[in-house]
Amino acid sequence: MEKSLDLINARIRDGTARVVTAEEMPGIVDELGEEGALEEVDVVTTGTFGAMCSSGAFFNFGHADPPIRMERVWLNDVEAYAGIAAVDAYLGATQEADAKDRLYGGAHVLEELVAGSTVELRATSRGTDCYPRRSIVTELLLEDMNQAVMVNPRNAYQRYNAAANTTDRTLHTYMGTLLPRCGNVSYSGAGTLSPLANDPGFRVIGSGIPIFLAGAQGMVVGEGTQHSAGGGFGTLMVTGDMKRMRQEFLRAAVMNGYGVTLYVGIGVPIPVLDTGIVRSTAVRDEDILTDIIDYGTPRRDRPSLAKVSYADLRSGSVEVGGETIRTSSLSSYRRARAVALELKDWIERGKMELALPTRLLDPTKRSKPMRETAVSPRVRDIMNRQVISITEDEEIRVAAKRLLKDETNHLPVLDGNGTLVGIITTYDVSKAVVTDGKLRQVKDIMTRKVIKTTPDEPVDVAARKLEQNNISALPVVDTTNRVVGILSAIDLGKLFGGRRRR
Amino acid sequence: MKLLLTFSRKGKADPGREPVIARVVKETGVLVNVEKANIDSMAGEVLIDIPDADADLVRRRLEEMGVAVRVMENAVALDEAECVDCGACISVCPQEVFSFDEEWRLRVRSERCVLCGKCIQACPHGALSQQG
Ligand code: SF4
Ligand code: SF4
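It should be emphasised that the depicted structure is a prediction, and the values quoted were computed from it without experimental measurement.

### Let's talk about the overall build of chain A
Counting secondary structure elements, chain A contains 12 helices and 29 strands. Each of the three principal axes of chain A carries a C-alpha extent, and together these read 95 × 70 × 40 Å. For chain A, the residues scored as buried account for 51% of the 502 residues in total. The distance from the centre of the 62 positive side-chain charges to the centre of the 65 negative ones in chain A is 7 Å.

### Things to note about the overall build of chain B
Scanning chain B for helices and strands turns up three helices and eight strands. Each helix and strand of chain B, placed in order from N terminus to C terminus, yields the pattern β-α-β-β-α-β-β-β-β-α-β. Dimensions along the principal axes, computed over C-alpha positions, put chain B at roughly 50 × 30 × 20 Å. Here chain B, with 132 residues, has 42% of them falling under the buried criterion. The contacts of chain B with a sequence gap of at least 6 include a subset with a gap of at least 24, amounting to 60%. Entry remark: accessible area of chain B is about 6900 Å², with carbon and sulfur atoms responsible for 47%.

### A look at helix 6 (residues 333-348) of chain A
Residue and element names in this part refer to chain A. Here helix 6 is 16 residues long and its end C-alpha atoms lie 22 Å apart, about the 22 Å a rise of 1.5 Å per residue gives. Buried residues of helix 6: Tyr333, Arg335, Ala336, Val339, Ala340, Glu342, Leu343, Lys344, Trp346 and Ile347, and no others. Taken from the residues just after helix 6, Gly350 is the one with a positive phi, measuring 75°.

### Side note on helix 8 (residues 396-405) of chain A
All names here are of chain A. Taken residue by residue, helix 8 has Ile396, Ala399 and Leu403 as its buried positions. An end-on view of helix 8 places all buried positions within 55° of arc, on one side of the element. The outward face of helix 8, more than 90 degrees from its buried face, is lined by the exposed residues Arg397, Lys401, Leu404 and Lys405. The positive-phi residue at the C-terminal boundary of helix 8 is Glu407, with phi of around 50°.

### Considering the sheet that holds strand 25 (residues 390-391) of chain A
Residues and elements named next belong to chain A. Reading across from one edge, 25-26-27 is the order of the three strands in this open sheet, with mixed pairing throughout. Strands with a single pairing partner mark the edges of an open sheet, and in this sheet they are strand 25 and strand 27 (420-425). Inspection of the sheet shows strand 26 (residues 410-414) paired to strand 27 by five bridges, in the antiparallel sense. Bridged to Leu414 within strand 27 is Leu420. Its contacts with the sheet put helix 8 on strand 25, strand 26 and strand 27, and the angle it makes with strand 26 is roughly 135°.

### Overview of the site of ligand 2
Residues in close proximity to ligand 2 total 14 residues, the closest being B:Cys83, B:Cys86, B:Gly87, B:Cys89 and B:Cys123. When grouped by side-chain class, the residues that make up the shell around ligand 2 number 11 nonpolar, two polar and one charged.

### Observations concerning the pairing of strand 2 (residues 33-39) of chain B
All names here are of chain B. Pairing geometry for strand 2 and strand 3 (residues 43-49), over six bridges, is antiparallel. By the bridge assignment for strand 3, Asn38 is matched with Glu45. Connecting strand 2 to the antiparallel partner strand 3 that follows it, the hairpin turn spans three residues.

### Section: the sheet that holds strand 2 (residues 43-45) of chain A
Two orientations exist for strands paired in a sheet by backbone hydrogen bonds: parallel and antiparallel. All names here are of chain A. A sheet is described by the order of its strands in space; here three strands give the open sequence 1-2-20, paired in mixed fashion. Edge positions in the sheet fall to strand 1 (19-21) and strand 20 (269-271), since each of these pairs with one other strand and no more. Sheet twist, expressed as the average angle between the axes of neighbouring strands with direction ignored, equals 25°. Across three bridges, strand 2 lies against strand 20 in antiparallel orientation. For Val44, the partnering residue across the bridge sits in strand 20 and is Ile270.

### Some points on the packing of aromatic side chains
All names here are of chain A. Summed over the entire model, instances satisfying the criterion amount to 12 aromatic pairs over all chains. Cation over ring: Arg122 sits above Trp74, and NZ or CZ is 4.5 Å from the ring centre. The ring of Tyr333 carries Arg314 above its face, with NZ or CZ at 3.7 Å from the centroid.

### Regarding the pairing of strand 19 (residues 259-267) of chain A
All names here are of chain A. With nine of nine residues buried, strand 19 lies mostly within the body of the structure. Where strand 3 (residues 48-51) and strand 19 come together, four bridges link them in antiparallel fashion. Bridge pairing in strand 19 places Phe49 opposite Gly265. With two bridges joining them, strand 15 (residues 210-213) and strand 19 adopt antiparallel strand pairing.

Here is what the cut-offs are and how they apply
- Residues numbered from 1 in each chain as written.
- Chains lettered and ligands numbered in written order.
- Predicted model: local features only at pLDDT ≥ 70, side-chain atom pairs only at ≥ 80, totals over all residues.
- Heavy atoms only, no water.
- Helix = DSSP H or I, 4+ residues; strand = E, 2+ residues; numbered from the N terminus.
- Buried < 20%, exposed > 50% of the residue type's maximum accessible area, 1.4 Å probe, protein only.
- Lys, Arg positive; Asp, Glu negative; His and termini not counted.
- Charge placed at Lys NZ, Arg CZ, Asp CG, Glu CD.
- Contact = heavy atoms within 4.5 Å.
- Areas by Shrake-Rupley, 256 points an atom, 1.4 Å probe, with all protein chains shown as cover.
- Expected span 1.5 Å × (residues − 1).
- Arc of directions from axis to C-beta.
- Pairing = 2+ DSSP bridges.
- Axes fitted to C-alpha atoms, helices over the stretch in contact; angles between N-to-C directions.
- Near = heavy atom within 4 Å.
- Nonpolar A, V, L, I, M, F, W, Y, C, P; charged D, E, K, R; others polar.
- Phe/Tyr/Trp six-rings, centres within 6.5 Å; stacked < 30°, edge-to-face > 60°.
- Lys NZ or Arg CZ within 6 Å of the ring centre and 35° of its normal.

Laid out in structure tokens, this is it:
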């Protein structure tokens, strides 16, 4: 049996459509079977509420008198992109204000507008014959704008990686606070309730279909930026009228150490047309798999520590390499549920009819990494290959002489086999001298936990290591931990100095 | 009950130079659990946990010795209007103060809190703060 969309819409109109949330669907399919569920259920509603950085809104402010062609625009001190037309601008959620005392950004402006507060519009211009005015400052409410159209280039991920951190310092990321040595796992997404998890083949989710966007009726524009459905990371571009949105489903947020983002509630209704759709909407947390990615690797391709399901993640802990690690989410399941329930209510009360995509999204597409024409410099390109080192059994006096003779501040310490076991600096040596002379050998004063780099590491990553650890040199080691060079802040200075001169 | 003790260590006679906690334990016989201590050359801040019944006694004695005492009733406070029940605070807390109830609403058992401050920084919505 198949069902037509017209039939479903007719039922919505006369109030007889059976609408369930994606959370209820697996149980119904278990009970009635696929054919039975197809007969019984007309629409499945989904929902998610989490951080969606790639959000923002177009505004049209109307014309002032005398008129101005706004070249630069700020809303509450957050700059919006004004290179569109005289009185239009796009405000991105992650754009930050130039405020020193607190982190405030586009997301906060959007939330305040939706909450009914005034925001200050400030704009400047060179002035033209047709637009003579050169500056303007005014206070605006959302209702004062001609249009406030939310357009989110990349929202509602098909799934998202979970995050952990194998390094020994806390990381502050867009996936939240990641404790050292895999102290926690953070994840995002509503699992069984997530819109795209219920239609992974993009059969009924595509351009033009109506959705719930932050409390308003919105629609899917098309594939989101970085859409990569072929690898399980499809995304949507969505739009909706901000004037109808509600603060409950649109909340500004700050990820500590990362920046501003926006929490958005999105729900997509799925018409139950055939058993294929019944099957995909019967998805459970157990069936939705994702990788726990090590955010301690500061590269594009980060290693996966384990594959887990949303059921594992939502249970509160997962096992990785024999250890139990506590998990918690960044997105709100409670609000995802509220989205799905409200959408269900809209449809049951005939406030929203469904549509099929006017253009389908490519379920096989994969996004590409950036093409880089200038290879980013690696440590090997600038490191100093003339390494002066010392062995751990040498006397401190010898180390001091060596430091002086070679005018260096850092001596990597090697063991009998030539592998790196420590590092000493001029500071360590001077400290040893002022103590009562009990310390004799290099191994008594060396730092054993050496922060190091490899020849392949991008220079930017090495530079961050120096900065974060407040040190001025890194030994460069090969895969067997043999020292092949040393990278100092001075080498870096040369590189960046050179870049600027060009 | 949790008490937050603050004392100066600047002068020779300041309470921070004396073994005040040990002295109170010895005198009163009340067992004190030190949950957190930040002490530098100028000042100190110590969070202690003691049985409720002995709180008055311990407090009075510490104050006599020149220590400022604050009772920490809700060490970490949740602003329900700001909280979206995301759960970002749950896995960062070493004391398992946070959890979800059956409705996926955040539950806070602040009596276990040792004021490490991790959750306050981790909350994306600024919903958590330290009391006082
Ligand atoms: S301050 Fe520390 S101990 Fe207290 S609730 Fe927050 S994370 Fe837990
Ligand atoms: S991190 Fe903040 S917003 Fe999220 S559940 Fe905890 S207190 Fe609430």
